[in-house]
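A look at the structure
Listed here are the chains, written in short residue letters.
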Amino acid sequence: MNPPIVLSSTFHAGGEMAYGRYGNPTWEMFESAVGALEGGAATSYASGMAAIAAVLDLVPEGGTVVAGPHAYHGTLAMLAQLEERGRVTVRRVDPTDLDAVVAALPGADLLWLESPTNPLLHVVDLPPLLAAAREAGVVSVVDSTFATPLLQRPLEDGAAVVVHSATKYLSGHSDLLMGVVVVRDAELARRLVAHRSLHGAIPGSVEAWLALRGMRTLHLRMERAQASAAELVKRLRGHRRVTRVHYPGFGAIVSIEVEGDAATAQAVCGATRLWVHTTSLGGVESSLERRRRWAGEHPDVPETLLRLSVGIEDVDDLWRDLDSALEPAPSGEGGPVAAASYGV
Ligand SMILES: *Cc1c(COP(=O)(O)O)cnc(C)c1O
């Protein structure tokens, strides 16, 4: 009933496996499950960022990446760093403006899209953008972490590459880090595996096993979390201390802007009892954080924005806890508002 956790750094010569950096039967089972869900060949990595780094490394030396202004801040930081080093040129365009993207594509190597975006939840219309990339001979990539393959299948919409932080919904229990890249093209899949074999950003087999276990309930977790998110959005839209609700209409991440300043928003995070104040998302436990507590977060993200990751708890319990935390707290309860340097 259960796949084995294969703990072996090396394998007897002459068999199917050779060495633990080239392959492992437990990852391969995880990869075949994700590949089946997305409709392509999956390669797994030690983290979402390792997967993103591997994909960006496909860009030839001095190549060009077309990307939107908003995405997971680690992706933005990596693009900025590659640009600073002269490794790539980045053309930044608004991905909701199809004409602008089409104008930026000629001569580019990669189109990087994230939808919905972390944490502003911007959604782009994937099919026309992906078709334009294909027509221009540009490899298109979609970071589909927030949507999961249950709500969005970019390869079917014409993407060349799909990326996930499997740390989030795919594994779903806040107990591991993993990343995965899924492609349809066999040559691209071969290049990714060869790159991983050489660079070594491999997942652990225990992590792959846990991720597989988590994926067995992906549909149930998403169903519950999404239904609760929709219900909470309805109630939050009428809350007197919430000035704006960002929700794309699907998924289980909701961002809200809280009346007041950074300190008042931060105080909400310190006042919840059921919602966990933490970074990361996509677990069975509901969590929240003020994104601008991280220095690396995009300045377009309001200081008062809280990103909520809705889990699978009772929705009325979640509402009661959030509703009472939104009531103004005595000052000093929210913890420090000083920005730290990294967050997910
Ligand atoms: C968390 C996240 C990542 C990075 O994944 P890690 O597993 O933390 O390395 C990339 N993209 C998105 C959209 C994310 O939310």
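To be clear, the structure that these remarks concern was listed above.
Structural notes, computed from the coordinates. Being a predicted model, the structure only gives us computed values, none of them experimental.

1. A short note on the overall build of the protein
Within the protein, the secondary structure is distributed over 11 helices and 12 strands. The C-alpha atoms of the protein give 20 Å as radius of gyration, which agrees with the globular expectation for 344 residues (20 Å, within 12%). Its C-alpha atoms give the protein principal-axis dimensions of about 65 × 50 × 35 Å. A burial count over the protein gives 54% of its 344 residues as buried. Total accessible area computed for the protein in this model is approximately 14500 Å², and 53% of it derives from carbon and sulfur atoms. Computed over 29 positive and 40 negative side-chain charges, the separation of the two mean positions in the protein equals 2 Å.

2. Quick word on the sheet that holds strand β5 (residues 139-143)
Taken in spatial order, the 7 strands line up as β1-β7-β6-β5-β4-β2-β3 in an open sheet, and their pairing is mixed. One side of each edge strand has no neighbouring strand; the edge strands of this open sheet are β1 (41-45) and β3 (88-92). If you compare each strand with its neighbour and ignore which way they point, the axes differ by 20° on average. The pairing of β1 with strand β7 (residues 179-183) spans 5 bridges and is classified as antiparallel. Bridge pairing in β7 places S44 opposite V180. This element, helix α3 (residues 73-84), spans β2 (63-67), β3 and β4 (110-114) of the sheet and lies at about 130° to β3.

3. Considerations on a nonpolar patch on the surface
Together, I5, L7 and V206 line one region of the surface with nonpolar side chains, adding up to about 270 Å² of accessible area. Tracing the sequence through the fold places L7 in the segment before α1 (25-38).

Thresholds applied
Residues numbered from 1 in each chain as written. Predicted model: local features only at pLDDT ≥ 70, side-chain atom pairs only at ≥ 80, totals over all residues. Heavy atoms only, no water. Helix = DSSP H or I, 4+ residues; strand = E, 2+ residues; numbered from the N terminus. Rg over C-alpha atoms; globule rule 2.2 N^0.38 Å. Buried < 20%, exposed > 50% of the residue type's maximum accessible area, 1.4 Å probe, protein only. Areas by Shrake-Rupley, 256 points an atom, 1.4 Å probe, with all protein chains shown as cover. Lys, Arg positive; Asp, Glu negative; His and termini not counted. Charge placed at Lys NZ, Arg CZ, Asp CG, Glu CD. Pairing = 2+ DSSP bridges. Axes fitted to C-alpha atoms, helices over the stretch in contact; angles between N-to-C directions. Contact = heavy atoms within 4.5 Å. Patch = residues over 30% accessible without salt bridge, like charges linked within 9 Å, V, L, I, M, F, W, Y side chains within 5 Å. Salt bridge = Lys/Arg side-chain N within 4 Å of Asp/Glu carboxyl O.

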